Amino acid sequence: YDKAISIQPDHVEAFNNKAVSLYHLRRYDEAIECFEKVISLKPDLAHPYQNKGYAFLNLHRNKEAIESFRACFKVDPNYYHCPFKMAEIFKSQNNQKEALYHLKLARLSIRNPLRFDAQRDTMDLRSIDREIERLEKTAATTSHNCIEKI
């Protein structure tokens, strides 16, 4: 990829492929730099933001991961994996309210009739619905326990 980039320094696909390769080699900091270059060259592409978010996740940099996932979802609201991943982050931080909000956002996005991939999306939708149900039960139990303590 470096040869292609040296010949054409604004070659988006070369930078993106290099970034993905670095990601798979677990060289996350370098991958992030390349994803940032892709974004600077073509800011209307959603997937580099998402991939950058995954790289940040692997570095345990949750705040930056959330920022990247938000940017991806802003560019293309059909990327339902972004609010889903944000929900996982918020859940790991015991922020059930934000987790539930982002799961519901993912559900709305996945149901977009313009992007629906019946087989894959149905499986993902079931997974999202199960997680929403779990979080709502947890929230109800927590509220009930708080009332009992009063």
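Everything numeric in this text was worked out from a predicted model, so none of it was measured. (Residues numbered from 1 in each chain as written. Predicted model: local features only at pLDDT ≥ 70, side-chain atom pairs only at ≥ 80, totals over all residues. Heavy atoms only, no water.)

1. Some thoughts on helix H3 (residues 28-41)
Formally: Secondary structure elements follow DSSP: runs of H or I of four or more residues count as helices, runs of E of two or more count as strands, with numbering from the N terminus. The span expected for a helix works out to 1.5 Å for each residue beyond the first. Type-normalised accessible area, obtained with a 1.4 Å probe on protein chains alone, sets the label of each residue: buried when under 20%, exposed when over 50%, and partly exposed for intermediate values. Arc definition: directions from the helix axis to the C-beta atoms. Working rule for contacts: check all heavy atoms of both residues, and any pair within 4.5 Å makes them a contact.
In this model H3 runs 20 Å from its N-terminal to its C-terminal C-alpha over 14 residues, within 8% of the 20 Å that 1.5 Å per residue would give. Residues of H3 that are buried: Tyr28, Ala31, Ile32, Cys34, Phe35, Val38 and Ile39. Viewed end-on, H3 has its buried residues packed into an arc of 165 degrees, placing them on one side of the element. Exposed residues lying more than 90 degrees from the buried face of H3 are Glu33 and Ser40. For H3, the elements touching its buried residues are helix H2 (12-24) and helix H4 (47-58).

2. As for the packing of aromatic side chains
For any pair of aromatic rings, geometry is given as the distance between the ring centres together with the angle between the planes. Cut-off, in case you're wondering: Two aromatic rings, drawn from Phe, Tyr or Trp (for Trp, its six-membered ring), form a pair once their centres lie within 6.5 Å of each other, and the interplanar angle then sorts them: stacked below 30 degrees, edge-to-face above 60, tilted otherwise.
Under the definition given, this model contains 2 aromatic pairs. Ring centres of tyrosine 23 and tyrosine 28 lie 5.3 Å apart, and the angle between their planes is 65 degrees; this geometry places the pair in the edge-to-face category. Assessed through its relative accessible area of 22%, tyrosine 23 is described here as partly exposed. On the numbers, 5.3 Å between centres and 70 degrees between planes, the contact of tyrosine 54 with phenylalanine 69 is edge-to-face. Taken as a pair, tyrosine 54 in helix H4 and phenylalanine 69 in helix H5 (residues 62-75) lie far apart in primary sequence, 15 residues in all. Phenylalanine 69 carries the same exposure label as tyrosine 54, and that label is buried.

3. Some words on the nonpolar core
As a reminder of what qualifies: To define a nonpolar core, start from buried Ala, Val, Leu, Ile, Met, Phe, Trp, Tyr and Cys residues and group those joined through side-chain atoms within 4.5 Å.
Core analysis: the biggest nonpolar cluster contains 29 residues, and Phe69, Leu103 and Ile128 have the highest contact counts within it. Elements with a minimum of two residues in this core: H3, H4, H5, helix H6 (81-92), helix H7 (96-110) and helix H8 (118-149). The element best represented in this core is H6, accounting for 6 residues. In contact with phenylalanine 69, other than residues within four places in its own chain, are Gln50, Gly53, Tyr54, Leu57, Cys82, Lys85, Met86 and Ile89. The next biggest cluster of nonpolar side chains, apart from the first, holds 10 residues, and it includes Ala14, Leu22, Cys34 and Val38.

4. Section: the pattern of salt bridges
Applied cut-off: By salt bridge we mean one thing: a side-chain nitrogen of Lys or Arg within 4 Å of a carboxyl oxygen of Asp or Glu.
Scanning the entire structure with this criterion turns up 12 salt bridges. A salt bridge links lysine 91 to glutamate 131, with the shortest nitrogen-to-oxygen separation between them at 2.5 Å. One end of the pair, lysine 91, is in helix H6; the other, glutamate 131, is in helix H8, with 40 residues separating them in the sequence. According to the relative accessible area criterion, lysine 91 is partly exposed, its value standing at 35%. Among the ionic pairs, glutamate 133 bridges to lysine 137, the shortest N-O distance being 3.4 Å. Pair noted here: glutamate 133 and lysine 137 are both in helix H8, with a separation of 4 residues, about one helical turn. In the salt-bridge network here, residues are joined through shared partners; they are Asp29, Arg61 and Glu64.

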